[in-house]
Amino acid sequence: MKKVVMYTLSTCPWCMRAKKFFREHDIPFEYIDYDKADDSTKKAISADCKAHGSEMSFPFVKIDEDVVVGYNPDKYSKLLGL
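Residues numbered from 1 in each chain as written. Predicted model: local features only at pLDDT ≥ 70, side-chain atom pairs only at ≥ 80, totals over all residues. Heavy atoms only, no water.

K.L.:
Mind showing me how you'd approach the overall build of the chain here?
P.N.:
When you go through the chain residue by residue, the secondary structure sums to three helices and four strands. Going through the 82 residues of the chain one by one, you find that 39% of them count as buried. Looking at the chain as shown, the accessible area adds up to about 5,000 Å², and 49% of this sits on carbon and sulfur atoms. Counting 13 positive and 13 negative side-chain charges, the chain places the averaged centre of each group 3 Å from the other. (Helix = DSSP H or I, 4+ residues; strand = E, 2+ residues; numbered from the N terminus. Buried < 20%, exposed > 50% of the residue type's maximum accessible area, 1.4 Å probe, protein only. Areas by Shrake-Rupley, 256 points an atom, 1.4 Å probe, with all protein chains shown as cover. Lys, Arg positive; Asp, Glu negative; His and termini not counted. Charge placed at Lys NZ, Arg CZ, Asp CG, Glu CD.)

K.L.:
Teacher, can you tell me more about the packing of aromatic side chains here?
P.N.:
The geometry of two aromatic rings is summed up by the distance between their centres and the angle between their planes. Inspection of every chain in the model, using the stated rule, returns nine aromatic pairs. The ring centre of Trp14 lies 4.4 Å from the NZ or CZ of Arg17, which sits over that ring. Between Lys42 and the ring centre of Tyr34, over which it is positioned, the NZ or CZ distance is 5.5 Å. (Phe/Tyr/Trp six-rings, centres within 6.5 Å; stacked < 30°, edge-to-face > 60°. Lys NZ or Arg CZ within 6 Å of the ring centre and 35° of its normal.)

K.L.:
In this structure, what is going on with the side chain of Lys19? I would like to understand it.
P.N.:
As for its position among the elements, Lys19 is in helix α1 (residues 13-24). A residue is classified by how much of its surface remains accessible, and Lys19, at 8% relative accessible area, is buried. Among residues more than four places away in sequence, those in contact with Lys19 are Met6, Thr8, Phe29, Tyr31 and Asp33. (Contact = heavy atoms within 4.5 Å.)

K.L.:
Explanation requested: the sheet that holds strand β3 (residues 60-63) in the structure shown.
P.N.:
Note on sheets: strands pair through backbone hydrogen bonds, and any given pair is parallel or antiparallel. The mixed open sheet is built from four strands, whose spatial order is β2-β1-β3-β4. The outermost strands of the open sheet, each flanked by one partner alone, are β2 (30-33) and β4 (66-69). Adjacent strand axes in the sheet meet at a mean angle of 15° when their direction is disregarded. (Pairing = 2+ DSSP bridges. Axes fitted to C-alpha atoms, helices over the stretch in contact; angles between N-to-C directions.)

So yeah, pure geometry; function would need other evidence.
What follows is the structure, given as structure tokens:
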């Protein structure tokens with residue numbers, strides 16, 4: 001199983017849909033709500049986004065080494081082989 005990690009905002013409707021997508025497909029995932037994180041975690045998230053060639057936009061989904069910025073269930077499915 002590929003590892004799924006998301007950076008989200010707690011109030012973002014697209015972030016909520018992304019979480020729902022993974023739950024409905026029984027795909028385990030980890031997430032950090034950027035707006036609820038402490039300053040050091042926010043800096044780490046910002047650095048990780050930039051390292052993957054993206055500005056901060058949510059949801060920011062990492063599926064193993066692949067990155068999907070925004071809610072894109074077709075791309076999630078393709079990367080996960082669904």
